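Here's the letter readout for the chains.
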Amino acid sequence: MRRYDININGIDVNAIYSETAIYEIFIPLLHKLTALQKEKGRRILVLLAAPPGAGKSTLCSFLEKLSQENSDICNVQAIGMDGFHRRQEYLLTHDTERDGKIVKMVDIKGAPITFDLEKLTAAIKRVSSGEICGWPPYDRHLHNPVEDTYTVNSDIVILEGNYLLLDEDGWRDLASFADYTIKVIANEEFLRERLIDRKAKSGNTLEKATAFVDYSDMANVRICLEKSNTADLILVIDDNGEYSYGS
């Protein structure tokens, strides 16, 4: 087992990956992406889609670290789509419909409609074209993106997010800019427990965290699990957090 400690979007994460996952799944994946990049002779963009709570940001950060530790693997740069949340002040002042009721967007923050899809699409086009460009992360303590904190400049870029393979208008077009796609799936209850823990670590009471996850996050989990298109690679996380190949 290997422990991986990292700060993701302002939250300290302590992840553990098995030797099996590292040497039978992650390292072979990085070798495959390296070969693809050499074959194409340009930057390649990988889209990794997974539901909330699946640990996709941590996984991509870990893949970046693994790539830096292996001289025969091209360095990977991990970025996320969370920096394309609409700003908190927008979500607080705009409404949408959920289950036949008009609600504040902030109450369902994390749903597809609460992202700026047009801005995200334009940014993905720049990355896919090979442009060296800025990229915004999302800070869970500020509750907002932080513009152009990172510079995208690697030959292999892995972009992670909930809806990158979503089969809905606008969203389904994103895959056309990718050279390789990955989908991660997991059991709903496993994801719920992770999400409640993460929400509580953002400064919420356990009661408030549970209420938000059950009302908002779990709806987004189901959207991801039920409405995402297939991918070049499917990975499954079991209830112990172990990775395996899916079909």
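Caption draft 1: Structural view of unusual backbone geometry. Of note, the phi angle at aspartate 99 is positive, near 55°, even though the residue is not glycine. Within the element layout of this structure, aspartate 99 appears in the loop between β5 (95-98) and β6 (101-104). The class for aspartate 99 is exposed, based on a relative accessible area of 71%. At aspartate 148, a position not held by glycine, the phi torsion is positive, near 50°. With respect to the helices and strands, aspartate 148 occurs in the loop between β9 (144-145) and β10 (150-152).

Caption draft 2: Structural context of the sheet that holds strand β13 (residues 233-237). Spatial ordering of the open sheet is given by β4-β11-β3-β12-β13-β14, a layout of six strands whose pairing is mixed. A single partner strand is all that each edge strand has here, and the edge strands are β4 (76-80) and β14 (243-245). Between one strand axis and the next, the sheet turns through 25° on average, direction left out of account. Where β4 lies against strand β11 (residues 156-161), five bridges are found, and the strand directions are parallel. Each residue of the ladder has a partner; that of isoleucine 79, found in β11, is leucine 159. Contacts between helix α2 (residues 56-69) and the sheet are confined to β3 (44-49), β4, β11 and β14, with β4 contributing the most and set at about 165° to the helix.

Caption draft 3: Expanded view of the side chain of aspartate 82. Turning to its location among the elements, aspartate 82 is positioned in the loop between β4 and α3 (88-93). Judged by its relative accessible area of 14%, aspartate 82 is buried. Setting aside anything within four residues of it in sequence, one finds aspartate 82 in contact with Asn9, Phe115, Tyr138 and Arg140.

Caption draft 4: Local environment of the environment of threonine 34. Here threonine 34 lies in helix α1 (residues 19-40). In this view, threonine 34 contacts Asp72, Ile73, Cys74 and Ile156; residues no more than four positions away in its chain are not counted. Engagement of the side chain of threonine 34 in a polar contact is seen with the backbone nitrogen of cysteine 74, the distance being 3.0 Å.

Caption draft 5: A look at the pattern of salt bridges. This model, assessed by the stated rule, comprises 13 salt bridges. Note that aspartate 179 is salt-bridged to arginine 42, the shortest N-O span being 2.7 Å. With a gap of 137 residues between them, aspartate 179 in the loop between β11 and β12 (180-186) and arginine 42 in the loop between α1 and β3 connect regions that are remote in the sequence. Owing to a relative accessible area of 18%, aspartate 179 belongs among the buried residues under this scheme. A salt bridge links arginine 192 to aspartate 214, with the nearest nitrogen and oxygen atoms 2.7 Å apart. Linking arginine 192 in helix α5 (residues 188-201) with aspartate 214 in helix α6 (residues 206-227), this pair joins segments that are 22 residues apart in sequence. In the salt-bridge network here, residues are joined through shared partners; they are Arg2, Lys65 and Glu69.

Caption draft 6: Quick peek at the packing of aromatic side chains. On inspection of all chains with the given rule, the structure shows 10 aromatic pairs. Judged by centre distance (4.4 Å) and plane angle (20°), the rings of tyrosine 17 and phenylalanine 62 are stacked. With tyrosine 17 in strand β2 (residues 11-17) and phenylalanine 62 in helix α2, the pair connects residues that are 45 residues apart, well separated along the chain. An aromatic cluster is present here, built from Tyr4, Tyr17, Phe26, Phe62 and Tyr243 joined pairwise through their rings. Above the face of the tyrosine 215 ring, arginine 98 is positioned so that its terminal group lies 5.9 Å from the ring centre.

Caption draft 7: The arrangement of the nonpolar core in detail. Tyr17, Phe26, Ile182 and Tyr243 are the most contacted members of the largest nonpolar core, which has 43 residues in total. In terms of residue count, α1 provides more of this core than any other element does, nine residues in total. In this structure tyrosine 17 touches Met1, Arg2, Tyr4, Ile22, Phe26, Thr58, Leu59, Phe62 and Tyr243, once residues within four positions along its chain are discounted.

Caption draft 8: Local environment of the environment of lysine 201. Within the secondary structure layout, lysine 201 lies in helix α5. Residue class for lysine 201 comes out partly exposed when judged on its relative accessible area of 46%. Placed 58 residues apart in sequence, lysine 201 and histidine 143 show a C-alpha to C-alpha distance of 14 Å.

The rules behind each value
- Residues numbered from 1 in each chain as written.
- Predicted model: local features only at pLDDT ≥ 70, side-chain atom pairs only at ≥ 80, totals over all residues.
- Heavy atoms only, no water.
- Helix = DSSP H or I, 4+ residues; strand = E, 2+ residues; numbered from the N terminus.
- Buried < 20%, exposed > 50% of the residue type's maximum accessible area, 1.4 Å probe, protein only.
- Pairing = 2+ DSSP bridges.
- Axes fitted to C-alpha atoms, helices over the stretch in contact; angles between N-to-C directions.
- Contact = heavy atoms within 4.5 Å.
- Polar contact = N/O pair within 3.5 Å; in protein donor to acceptor, adjacent residues only side chain to side chain.
- Salt bridge = Lys/Arg side-chain N within 4 Å of Asp/Glu carboxyl O.
- Phe/Tyr/Trp six-rings, centres within 6.5 Å; stacked < 30°, edge-to-face > 60°.
- Lys NZ or Arg CZ within 6 Å of the ring centre and 35° of its normal.
- Core = buried A, V, L, I, M, F, W, Y, C linked by side-chain atoms within 4.5 Å.

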